[in-house]
Amino acid sequence: AQSVSQHNHHVILSEAASLELGCNYSYGGTVNLLWYVQYPGQHLQLLLKYFSGDPLVKGIKGFEAEFIKSKFSFNLRKPSVQWSDTAEYFCAVTLIYNQGGKLIFGQGTELSVKP
Amino acid sequence: IAGITQAPTSQILAAGRRMTLRCTQDMRHNAMYWYRQDLGLGLRLIHYSNTAGTTGKGEVPDGYSVSRANTDDFPLTLASAVPSQTSVYFCASSDSRTKLHNEQFFGPGTRLTVL
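As the structure is a prediction and not an experimental result, all values here were calculated from the model.

Thresholds, definitions, all that
- Counting from 1, residues in each chain are numbered in the order their sequence is written.
- Lettering of chains starts at A and numbering of ligands starts at 1, both following the order in which they are written.
- Where local features are concerned, this predicted model is filtered to residues with pLDDT of at least 70; where side-chain atom pairs are given and counted, the filter is 80 or more; whole-chain, interface and lining totals use all residues.
- Heavy atoms throughout the structure, all of them, feed into the side-chain values; hydrogens and water do not.
- Throughout, a disulfide means two cysteine sulfur atoms within 2.5 Å of one another.
- In this text, helices come from DSSP runs of H or I with a minimum length of four residues, and strands from runs of E with a minimum of two, each type numbered from the N-terminal end.
- Buried, partly exposed and exposed residues are distinguished by accessible area as a fraction of the type maximum, computed with a 1.4 Å probe on protein chains only: under 20%, between the cut-offs, and over 50%, respectively.
- When a carboxyl oxygen of Asp or Glu lies within 4 Å of a side-chain nitrogen of Lys or Arg, that pair is called a salt bridge.
- For this analysis, a nonpolar core means a set of buried residues of the types Ala, Val, Leu, Ile, Met, Phe, Trp, Tyr and Cys, connected via side-chain atoms within 4.5 Å.
- Contacts are assigned to residue pairs that have any heavy atoms within 4.5 Å of one another.
- Paired strands, in this sense, are two strands between which DSSP finds at least two bridges.

A. Representation of the state of the cysteines. What the rule picks out here adds up to two disulfides over all chains. In this model Cys23(A) forms its disulfide with Cys91(A); the gap between the sulfur atoms is 1.9 Å. With the S-S dihedral at roughly -70°, the linkage between Cys23(A) and Cys91(A) falls on the left-handed side. Placement of Cys23(A) in the loop between β3 (19–21) and β4 (24–26) and of Cys91(A) in strand β10 (residues 87–95) is noted, with a sequence separation of 68 residues between them. Here the two residues Cys23(A) and Cys91(A) agree in accessibility, since each one is buried. Between the sulfur of Cys23(B) and that of Cys91(B) lies a disulfide, 1.9 Å long from S to S. Around the S-S axis, the bridge from Cys23(B) to Cys91(B) shows a dihedral of about -70° and counts as left-handed. A residue pair is termed long-range when its members are at least 10 positions apart, and Cys23(B) in strand β3 (residues 19–25) and Cys91(B) in strand β9 (residues 87–94) qualify at 68 residues.

B. View of the pattern of salt bridges. Residue and element names in this part refer to chain A. Evaluated as defined, the whole model comprises eight salt bridges over all chains. Put simply, Glu64 and Lys58 hold a salt bridge, and the shortest N to O gap is 2.8 Å. The exposure class assigned to Lys58 is exposed, which follows from its relative accessible area of 63%. Between Arg77 and Glu64 there is a salt bridge, and its shortest N-O distance comes to 3.3 Å. Here the residue Arg77 occupies a position in strand β9 (residues 73–78), and Glu64 occupies one in strand β8 (residues 64–68), the gap between them amounting to 13 residues.

C. Quick look at the environment of Thr94(A). Tracing the sequence through the fold places Thr94(A) in strand β10. Along the primary structure Thr94(A) and Leu33(A) are separated by 61 residues, whereas in three dimensions their C-alpha atoms are 6.5 Å apart.

D. Quick peek at the nonpolar core. Trp35(A), Leu48(A), Phe74(A), Leu76(A) and Tyr89(A) are the most contacted members of the largest nonpolar core, which has 30 residues in total. Listing elements by their share of this core, those giving two or more residues are β2 (10–14), β3, β5 (31–38), β6 (45–50), β8, β9, β10 and β12 (109–114) of chain A. It is β10(A) that contributes the most residues to this core, five residues altogether. The contact partners of Phe74(A), leaving out residues within four places of it in the chain, are Cys23(A), Leu33(A), Leu34(A), Trp35(A), Leu48(A), Tyr50(A), Val57(A), Ala65(A), Glu66(A) and Phe67(A). One finds Leu13(B), Met19(B), Ile46(B) and Tyr64(B) within the second-largest nonpolar core, a separate group that totals 19 residues.

E. Structural context of the pairing of β10(A). Residues and elements named next belong to chain A. In terms of burial, β10 is a largely internal element, nine of the nine residues being buried. A two-sided burial pattern is seen for β10, the buried positions comprising Ala87, Tyr89, Cys91, Val93 and Leu95 on one face and Glu88, Phe90, Ala92 and Thr94 on the other. Of the pairings in the sheet, the one linking β5 to β10 comprises eight bridges and is antiparallel in character. By the bridge assignment for β10, Asn32 is matched with Thr94. Bridge count between β10 and β12: three bridges; the pairing is antiparallel. Opposite Ala87, over in β12, you have Leu111 as the bridge partner.

F. Main features of unusual backbone geometry. Residues and elements named next belong to chain B. At the junction of Ala7 and Pro8, the peptide bond is cis and its omega measures out at -5° in the coordinates. Tracing the chain through its elements places Pro8 in the loop between β1 (4–7) and β2 (10–13). Of note, the phi angle at Arg28 is positive, near 60°, even though the residue is not glycine.

So this is what it looks like as structure tokens:
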């Protein structure tokens, strides 16, 4: 069955530290890849997405992610985190064969940034 | 303001009671979805609808039903609530008629507690 794995459940960093959150998926076909962010008490917001083209995609607030097809990965990165980046981050995959666009979500990674 | 609204914001419900969570979108998206969010499990799809008049089962459909009488509304009904349905429920929508653009937009969520 198709699945999405996020390796880190909870990450704690100090401000200005670099961030990399891992995401791997299991599906042999074409995919769309997305990262969503959920700030405390809020709903999910799209951070960035890869649909085609350049595998290095840039999103809002200085985040970027690289799609490595051979590794089935779509890791999220940020060179220098801020306290305001404290949130939960979800990796999601859409399987292209599915016209309805059903996303499969990872379990989420909670990021805590210490000031 | 275009977007997705959900009601109620939160609800405490006695086990065995019937409850309908409301979701309305004004973006004219063809597809709508219901997810539940539980700690450590990420978001799991309950039901979805690719277009008005059609619905489908997601990953965790048992105990829930949906209807899609028109494009804008997608209510989720718990016929007889049980404590394991305590969760945060998110409604989402997308314009999935173009397969390459499966970005989903999320509502603010409904926090449901079943006692």
